[in-house]
Structure formats: structure tokens, C-alpha cells
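Summary of the model geometry
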Amino acid sequence: MTSFDERDASIALPGDPAYVAATHVFNLAAPVTPAAALTARTVGQIRAGITYAKSAGLAVRVQTTGHSSGSAKSMAGSVLIRTELGGVVEVDPDRRVARIPAGTQWKAVVEATSAHGLAAPHGSAATVGVVGYLLRGGISFYGRHTGLASNHVRGIELVTPDGDLVWTDADNEPELFWALRGGGGGFGVVTAVEVDLFPASTVVTGTAFWPGEHARTLLSLWDKWCQDAPTEVSTSFRVLNLPPFPGVPEILTGGTMICVDGVVLATGDDAQALAQADDLLAPLRAVAEPVMDTWHLTTPQEVLATHMDPDEPVPAQGDHFLLTGLGDDAIDEFVRVFGSDSPLVMAGLRQLGGKLAEPAPNGGALDHLPAPYLYSGAGIPLDADVSAVIHDHLELARAALSPWDSGKTAPTFIESPDQPQGHLTPEAVARVDAVRARLDPKGLFRGDVMKNTTAL
């Protein structure tokens, strides 16, 4: 059923195996159904997709792995370009820079950079696409020490709506470079990025689990530790109700579990990093012996396994927002809503602060997150009835935690285009809109623009 070929590009229509491959998403609860699709492995194929869309009167949408498909607007009347650009991760250890082709997943970057004792500000999941994560800000386990991931982007190559291949950085198209980093999309098709790296040869990382009955005490202690935590340490506190999935240890599937995981970046000697981890964990271990505890000194390659994110596609339905803080009342509400009998697989608090909360002098449209914590919750919607139960509980949680809702959100955690979003200021929105109006006056890529990033 392929209907168009140009420069070795094939536009696939529904029913074509190539269409299925190009529209594959990681979040199985949020399939995408564009009018046509292609998997682009060259710049020529991207240009061909744009040309086809214009000739057919269709819009253009872009994705890589489909982790964020839940946040995407409807793709009806669009051509989807799935980017899987050829090439490998190129590391320049002297300049501490990596060039990464669009379509690359974080596991390939970690493997390439670790060989040089360097690291990139990657996320917690190995299979997430690099480009989408970076352009949406990106919250790394190193982030409290290094800042938002998008602040590490040194340059971006993209095909514009006119089909031009453009390189943009602080000296070339600086306003576009600013808008691309957190501005909400809709500028074209990114083909490659250059990212600044930082030294990282040793970390302390792992996960500790306790029965849910200790939730209130553990959360109070974790919150107390977070107040003066060193920036080298980034952690999360999660309430888990794990199903008996392959790869999940049986001991963790018998009921509600409390999980504290994270990373200590060894910026000094290993003994200092171990001591920083002990400052966090010793008070928690004193409450009760963990049923599983994997915290240990190791290399950065293992950080991608810390959060236990799934490697295979799963259905997911969730919500999130940034919190102004915790304290006794907030902790009571969090434990009341999630401490037991929750239909959610996960309800968590991601520790922010440190460099994540500081504006970057040369950052993009989104360069910091002004809040100490990020709340997120998610369930697995196996059918419509389960989805409704998850929805109701997420709404219950939003209402319960509303006194501490900052009104701010993080783009990489958005699960639905209908959820509240608030990561750009009105001034930033106006500035981003001006860049889009210049680059894409006909709105060819308008469907990719995130809520709260445009006033149009």
C-alpha cells in the first residue's frame, strides 16, 4: 500500500507493515494513528516526508520511541516522521562533547561515554529517545548537580519546514537554539544534537524496599534528609504496587512496597560518595531492615537500571505536577491516598532542587524547575474499567495534594494533552511563538506544539 517514493523514502499508509513500524509507541495505552507515516533514516527521507505532506495537504508530526505518545495531540490529518537517523554516538573526550543522531536511545549514549570516564545528563530509562528527552528539559539522576539536561545541549541540527538543513547553537540562529530547548516543539525535524559531557567514573546507586506499613515514617525521614542534601545526590521516594511481571522479584509483588532509589555522583573520592549515601540510608534502614537493598559503589553504566523502568512497551496512564514542599500535612495526605489499596502501580516523589532549580545563564526557553519535589503517579490501564478507576484515583490525588501544587509541570512527565501544563512564563511563550511564526508561518508542524508553549 506504499504510495510515495522519493530519495529512498517510503510513505506508508494504514495497513502497510511499514506504517505499523513507524507508528509503534512505547506507551501502549496511547497509540497514534496518522494519515500516513514513514521511518526516516536520512535527511533526504525527512525532506521527502515534508514534501509529501505539503502535496497531500497534511500536517507533519515527529516522534522517535513513542514514550511521550500519551501527551501527543491527535495525529489525524498528519504524516508522522519517525526519526532513526543513521550513524553512531561520536564522543570527543578532549572537548567533552558527544554528537548524537536523532533516534538514538540513552543506553547507546551511556555505553559510548562511559568508555571515556564521562557521562551525559540522561534519564532513568535506557530506551528513551535522546532528542525528545533533551528538547523537553530532561530531569537526570545527576540533575541536582548538573541542572536540567537541556542546558547541556551545545548545538542542534534540524530540517526546517522549508526543507533546509540548519545547524543552530549559541552563535548560529541563537533565537531558534533558545526556543528548541524546552520551547514545546513545532520547529521542524531534529536530526542530531551535540551535548556537553561531565566527568563520571564512579557512582553509588541502587534501590531499597520496605513494606508499605513504614510509609509515613520513611517519607518523613526522607523529606528531612532532602532539606540539606548535597547536590551530588539525587533520589526518589516511591510507593509501589507491582504486578507479577517478568523481571519483577517475587518479594516485591506481595503488596504495597516503599522504594527509595537514587544516585550519588562521586565528585571527590569513593569514600565521600559512600558516606553521602549512608547519610541518606542509615536512618531509613534503622526504621526496618529493607526486604531488598541494592545500593552499592559501581560505574555509571548501572545507573540506567536503578529506577527499574520497563524495557518493553507497556500501557501507562498517569499524572504529575511540581510541589512547593512537603511537611507533616502533605506527608499525611500522600500516605492516605497512596499508602495502601491504591490502584496505581506507582506514586512517587522525585527530589528536585540544587542546580535543577537554578536558571542557567545560557539556557533555553525552559532552563530550570523552581520546586523542591515532583509528584507523579501512574497505573496500567488494562481495560476501560481499570482506566476509569486509575483516572478517578489520580483526580483524588490531585485534589488531596492541591494545597502544595506549585502550578508548574515538567514536560517529560506529561501524560496527556488535556492535563494542566505550566512550565513556561507568558514572556517565554510570546518569544517562542515569534520563532515559530518566522520558521513555520503556515503551521505545518503546529500539531507538535505542546500546551502552555503557545498563545496562538
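Residues numbered from 1 in each chain as written. Predicted model: local features only at pLDDT ≥ 70, side-chain atom pairs only at ≥ 80, totals over all residues. Heavy atoms only, no water.

Some remarks on the packing of helix H7 (residues 215–226) against helix H8 (residues 270–287)
Pairs of packed helices are described in terms of their axes, by the angle between the two and the distance that separates them. For the pair H7 and H8, the least separation of the axes is 10 Å and the interaxial angle reads 160°. As the angle between them shows, H7 and H8 are arranged roughly antiparallel. Seen from above, H7 lies across H8 with right-handed handedness. Residues Thr217, Leu218, Leu221, Trp222 and Trp225 of H7 touch H8, and the partners they reach there are Asp279, Leu280, Pro283, Leu284 and Val287. In the contact of H7 with H8, the residues fall into eight nonpolar, one polar and one charged. (Axes fitted to C-alpha atoms, helices over the stretch in contact; angles between N-to-C directions. Helix = DSSP H or I, 4+ residues; strand = E, 2+ residues; numbered from the N terminus. Parallel < 35°, antiparallel > 145°, perpendicular 65-115°, else oblique. Left-handed = near helix turned anticlockwise from the far one by under 90°. Contact = heavy atoms within 4.5 Å. Nonpolar A, V, L, I, M, F, W, Y, C, P; charged D, E, K, R; others polar.)

Points about the side chain of Gln351
Relative to the assigned elements, Gln351 resides in strand E19 (residues 346–351). Of note is the side chain of Gln351, whose polar atom sits 2.7 Å from the side chain of Thr235. (Polar contact = N/O pair within 3.5 Å; in protein donor to acceptor, adjacent residues only side chain to side chain.)

So, helix H2 (residues 43–56)
An α-helical turn contains 3.6 residues, so a residue and the one three or four places further along point in the same direction. Between the first and last C-alpha of H2 there are 20 Å, a value that for 14 residues agrees with the 20 Å anticipated at 1.5 Å per step. Within H2, the full set of buried residues consists of Val43, Gly44, Gln45, Ile46, Ala48, Gly49, Ile50, Tyr52 and Ala53. Gly57 occupies a position one or two residues after H2 and carries a positive phi of about 70°. (Expected span 1.5 Å × (residues − 1). Buried < 20%, exposed > 50% of the residue type's maximum accessible area, 1.4 Å probe, protein only.)

Concerning the sheet that holds strand E5 (residues 78–83)
One open sheet holds the three strands; their spatial order is E3-E5-E4, and the pairing between them is parallel. The sheet is open, and its two borders are formed by strand E3 (36–40) and strand E4 (59–63), each paired with just one other strand. On average, each strand axis in the sheet is inclined to that of its neighbour by 25°, with strand direction left out of account. (Pairing = 2+ DSSP bridges.)

Brief notes about the sheet that holds strand E6 (residues 90–92)
Spatial strand order, E6-E7-E11-E9-E10: five strands in an open sheet with antiparallel pairing. Lying at the two open borders of the sheet, with one neighbouring strand each, are E6 and strand E10 (165–169). Pairwise comparison of adjacent strand axes, ignoring direction, gives a mean angle of 15° for this sheet. Of the strands in this sheet, strand E9 (153–159), E10 and strand E11 (189–196) touch H2, which is tilted by about 55° from E9.

Considerations on unusual backbone geometry
Excluding glycine, residues mostly carry a negative phi; peptide bonds, for their part, are mostly trans. At Met308, a residue that is not glycine, the phi angle is positive and equals roughly 60°. By the secondary structure assignment, Met308 is in the loop between helix H9 (303–306) and strand E18 (317–323). By relative accessible area, which is 37% here, Met308 ends up partly exposed. Located in the positive-phi region is Asp341, a residue other than glycine, with phi close to 60°. Its location among the elements puts Asp341 in the loop between helix H10 (328–338) and E19.

Focus: the packing of H7 against H10
Packing of H7 against H10 brings their axes to within 10 Å, and their N-to-C directions diverge by 140°. Put simply, H7 runs oblique to H10. Along this stretch, H7 crosses H10, giving a crossing that reads as right-handed. Along the contact surface, H7 presents Ala215, Arg216, Leu219, Ser220 and Asp223, while H10 presents Asp328, Ile331, Asp332, Phe334 and Val335.

Quick word on the packing of aromatic side chains
A full pass over the atoms with the stated rule returns seven aromatic pairs. Their ring planes at 40° and their centres at 5.7 Å tell us that Trp222 and Phe237 sit as a pair that is tilted. Taken together, the positions of Trp222 in helix H7 and Phe237 in strand E14 (residues 233–240) put the pair 15 residues apart, joining distant regions of the chain. Ring geometry for Trp222 against Tyr373: centres 5.4 Å apart, planes inclined by 35°, an arrangement best described as tilted. Taken together, the residues Trp222 in helix H7 and Tyr373 in strand E20 (residues 373–379) connect sequence positions 151 residues apart. Judged on exposure class, the residue Trp222 and its partner Tyr373 are both buried. An aromatic cluster is built from Phe321, Phe334, Phe338 and Tyr375, whose rings are joined through pairwise contacts. The cationic tip of Arg181 hangs over the ring face of Phe177; the distance from NZ or CZ to the ring centre is 3.8 Å. (Phe/Tyr/Trp six-rings, centres within 6.5 Å; stacked < 30°, edge-to-face > 60°. Lys NZ or Arg CZ within 6 Å of the ring centre and 35° of its normal.)

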